[in-house]
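These are the residues of each chain, in order.
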Amino acid sequence: MKRRDFITTVAVSGGSAYAAMKALGLLEKPATAQSPSQRGSFRLQPSKRGNRVIILGAGLAGMASAYELGKVGYDCIILEARERAGGRCWTLRGGDQFTDTLGQTQTVQFDSGLYFNPGPARIPQEHITLDYCRELGVAVEVKANVNRREYYYNIQNAGPLSGQKVRAREAITDIRGYISELLAKAVNQNAINAPLTTEDKEKLVEFLRTYGDLSPDLFYKGSSRRGFTNYPSAGLQPGTQSDPYDLSALIQLGFADYESFEWDWQQQMTMLQPVGGMDQIAKAFESRVGNRIVFQSEVKEIRKTPNGVSIVYADSSGTNQQVTGDYCICTIPLPVLKSIPSDFSPELNEAIASVAAIYVRAGKGGLQFKRRFWEEDEDIFGGITWTDQDIAQIWYPSEGYLSKKGIMLGYYQFDDTKVGPLPPNQRLALALEQGSNIHPQYRNDFENGITLYWPTIPYSLGGWAEYTDDVRQRYYARLNEPDGNIYLCGEHVSYLTGWMAGALESARLVTSRINALA
Ligand code: PHE
């Protein structure tokens, strides 16, 4: 009798399906139980037989797996297609060169000491990534992910503020003021449908008065919180408070997406970045497991054997080689994996192809300026300017404050259907043209730049897995199940997709599962 039939039979015959499932050990641990992969102390059990684990990919998931398994005596080998470790955890500096899948090569022209993170570029403070930074000795600094002096700049259907650089501080202070005013009036007119006592209502109105900086008669008439046209100074200079925008103009500007992005629990300040570039994390792992990595090894076949796995790869000379092991941890991004011949079950193949299809088409550009005009002319230190132009975002660097030159992120689209598909020189031209609408200083101060489109970056072929509910529901469980002794691992098998933490937690989970068996 199949398990499902047994459970149904028990249930139909008056027994409890729950009890039957429990008896069969089919019920998961309570949802509140901490997964072995999550934060906190982590150490695998010593390997019983020194099993051999073949890891595909020397990105963070692969290197963290080798690092944890290596600590307790497993014999690991990492096959890496590229000449470098780190995968998407990558930093570009002057002299670096890369070629995309269309054969377009770019050489980075940045001055020495300047860099750009084309992949991951920020770390939330509660991510496991920082535990590894601590353990591996990677210094981190604040990444200013939010700055009240950043701008909102919209031009499409944006009303009277169209084409104006609206400071986040002004827009946010004003909208908070107006919303507080509206709500305070609604409370006083008993127009809200909430079970509040008279005392609650009084307190709520008091709260709103402070929250929105309302006048005693509960109007929002502007606030010093939004800044000044003339700043307070010495002598007879009390400052001139700036006038608020009209509520209607703010509504038409439409900046809820921009402001609320920064409310996401993983985007709120404080955010961090490694000092000197994101690849410091990759390099720290590489310093521990580099001797296990075989570079320029392109995986050609993934096979199950009666007791383990067999992998065929092309070595740096293009010759096929074969390695066998007890287990395989496969961290290859799914858009790449889907085309590699394997013994995966049809269900797993379908899951891989389906999730590969929903990878984010992220694109980014890094621009070098000979002068930090955003600091010198506009007093902007870090943060993100948002726009409805194709460039979507401009990031002001969080490193090198007050120095001479700097690298700004000139665009970042999560779903880059406009900029990325262009040739690199046109991407750059577009970033400059649209960016100079916001900062005319671009025209004089730009020196050089690079752009990239993750769907055309070899061995990645996409940004990150971004599940729809439907795809998650249909395929995620299957991706999490091993196929024979082959385990998929990476951000794509986590609920932290698009974050290094997803890759690192996945590595802990998969190595724990192998450890429980061997
Ligand atoms: N972690 C990436 C970033 O912060 C990608 C991402 C964006 C993930 C938005 C989730 C939400 O840019």
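What counts, and at which threshold
Residues numbered from 1 in each chain as written. Predicted model: local features only at pLDDT ≥ 70, side-chain atom pairs only at ≥ 80, totals over all residues. Heavy atoms only, no water. Helix = DSSP H or I, 4+ residues; strand = E, 2+ residues; numbered from the N terminus. Expected span 1.5 Å × (residues − 1). Buried < 20%, exposed > 50% of the residue type's maximum accessible area, 1.4 Å probe, protein only. Pairing = 2+ DSSP bridges. Polar contact = N/O pair within 3.5 Å; in protein donor to acceptor, adjacent residues only side chain to side chain. Contact = heavy atoms within 4.5 Å. Near = heavy atom within 4 Å. Nonpolar A, V, L, I, M, F, W, Y, C, P; charged D, E, K, R; others polar. Core = buried A, V, L, I, M, F, W, Y, C linked by side-chain atoms within 4.5 Å. Domains from an automatic or database assignment. Buried area = accessible area lost by both parts, 1.4 Å probe. Salt bridge = Lys/Arg side-chain N within 4 Å of Asp/Glu carboxyl O. Axes fitted to C-alpha atoms, helices over the stretch in contact; angles between N-to-C directions.

A rise of 1.5 Å per residue sets the reference length of helix 3 (residues 60-71), with its twelve residues, at 16 Å; its end C-alpha atoms lie 16 Å apart and thus fit the reference within 8%. Burial analysis of helix 3 places ten of its twelve residues in the buried class, which makes it a mostly covered element. Within the sequence span of helix 3, burial applies to Leu60, Ala61, Gly62, Met63, Ala64, Ser65, Ala66, Tyr67, Glu68 and Leu69. At the C-terminal side of helix 3, Gly73 shows a positive phi close to 95°.

This part takes up the pairing of strand 17 (residues 320-325). A regular strand carries its side chains on alternate faces of the sheet. Pairing between strand 16 (residues 309-314) and strand 17: six bridges, direction antiparallel. Residue pairing across strands places Ser310 opposite Thr324, the latter belonging to strand 17.

When you line up the elements, Gln273 lands in strand 13 (residues 271-274). Only 2.7 Å separates the side chain of Gln273 from the side chain of Glu141, close enough to count as a polar contact. In contact with Gln273, other than residues within four places in its own chain, are Tyr115, Ala121, Ala139, Val140, Glu141, Val142, Lys143, Ser398 and Glu399.

Around the ligand sit Arg122, Phe261, Gln267, Tyr412, Phe414, Trp464, Gly498 and Trp499, and that is every residue in its neighbourhood. Here Arg122 contributes a side-chain N or O atom positioned 2.7 Å from an oxygen atom of the ligand. The separation between a nitrogen atom of the ligand and a polar main-chain atom of Gly498 is 2.7 Å. Here the residues of the shell around the ligand are counted per class, giving five nonpolar, two polar and one charged.

We now examine the nonpolar core. Judged by nonpolar contacts, the single largest core of 48 residues is most densely connected at Leu60, Met63, Ile281 and Phe285. For this core, the secondary structure elements donating two or more residues are strand 1 (52-56), helix 3, strand 2 (75-79), helix 4 (128-136), strand 13, helix 9 (279-289), strand 18 (327-330) and helix 16 (500-517). Counting contributing residues per domain, this core is built from domain 2 (52-87 + 284-357 + 468-517) and domain 3 (92-150 + 269-277 + 360-456), each supplying no fewer than three. With residues up to four places along the chain from it excluded, the contact list for Met63 reads Gly57, Ala58, Ile78, Ala85, Gly86, Ala282, Phe285, Glu286, Val289 and Ile293. If you look at the next biggest cluster of nonpolar residues, it comprises 44 residues, including Phe98, Val205, Ala362 and Leu452.

Moving on to the domain arrangement of the protein. What the domain assignment reports for the protein is domain 1 (3-23 + 168-253), domain 2 (52-87 + 284-357 + 468-517) and domain 3 (92-150 + 269-277 + 360-456). Centre-to-centre separation of domain 1 and domain 3, based on C-alpha positions: 32 Å. With both sides pooled, the region where domain 1 packs onto domain 3 buries about 370 Å², and carbon together with sulfur makes up 46% of that total. The interface formed by domain 1 and domain 3 includes zero salt bridges. Our count for the contact surface shared by domain 1 and domain 3 stands at three residue pairs in polar contact (both at pLDDT 80 or more). The class makeup of the residues in the side of domain 1 that touches domain 3 is three nonpolar, no polar and one charged.

In this section: the sheet that holds strand 17. Across the sheet, which stays open at both edges, the three strands sit in the order 15-16-17 with antiparallel pairing between neighbours. Since the sheet does not close on itself, it has two edges, and those belong to strand 15 (298-304) and strand 17, each with one partner. For this sheet, the mean angle separating the axes of adjacent strands, direction not counted, is 20°. Pairing between strand 15 and strand 16: six bridges, direction antiparallel. Of the residues in strand 16, the one forming a bridge with Lys304 is Val309.

Glancing now at the environment of Glu491. Mapped onto the elements of the fold, Glu491 is located in the loop between strand 24 (486-488) and helix 16. Taking the relative accessible area as the measure of exposure, Glu491 reaches 5% and is therefore buried. A C-alpha to C-alpha distance of 7.7 Å links Glu491 and Ala61, two positions 430 residues apart in sequence. Contacts of Glu491, omitting those with residues within four sequence positions, involve Arg88, Tyr359, Trp464, Ala465, Leu496, Thr497, Gly498, Trp499, Gly502 and Ala503. Within the local environment of Glu491, its side chain forms a polar contact with the backbone nitrogen of Gly498, the two atoms lying 3.0 Å apart.

A few words now on the environment of Leu204. Relative to the helices and strands, Leu204 is located in helix 6 (residues 198-212). On the basis of relative accessible area, Leu204 is assigned to the partly exposed category, the value being 23%. In this structure, the C-alpha to C-alpha distance between Leu204 and Met271, residues 67 residues apart in sequence, is 32 Å. Excluding anything up to four places from it in sequence, Leu204 contacts Val187 and Leu196.

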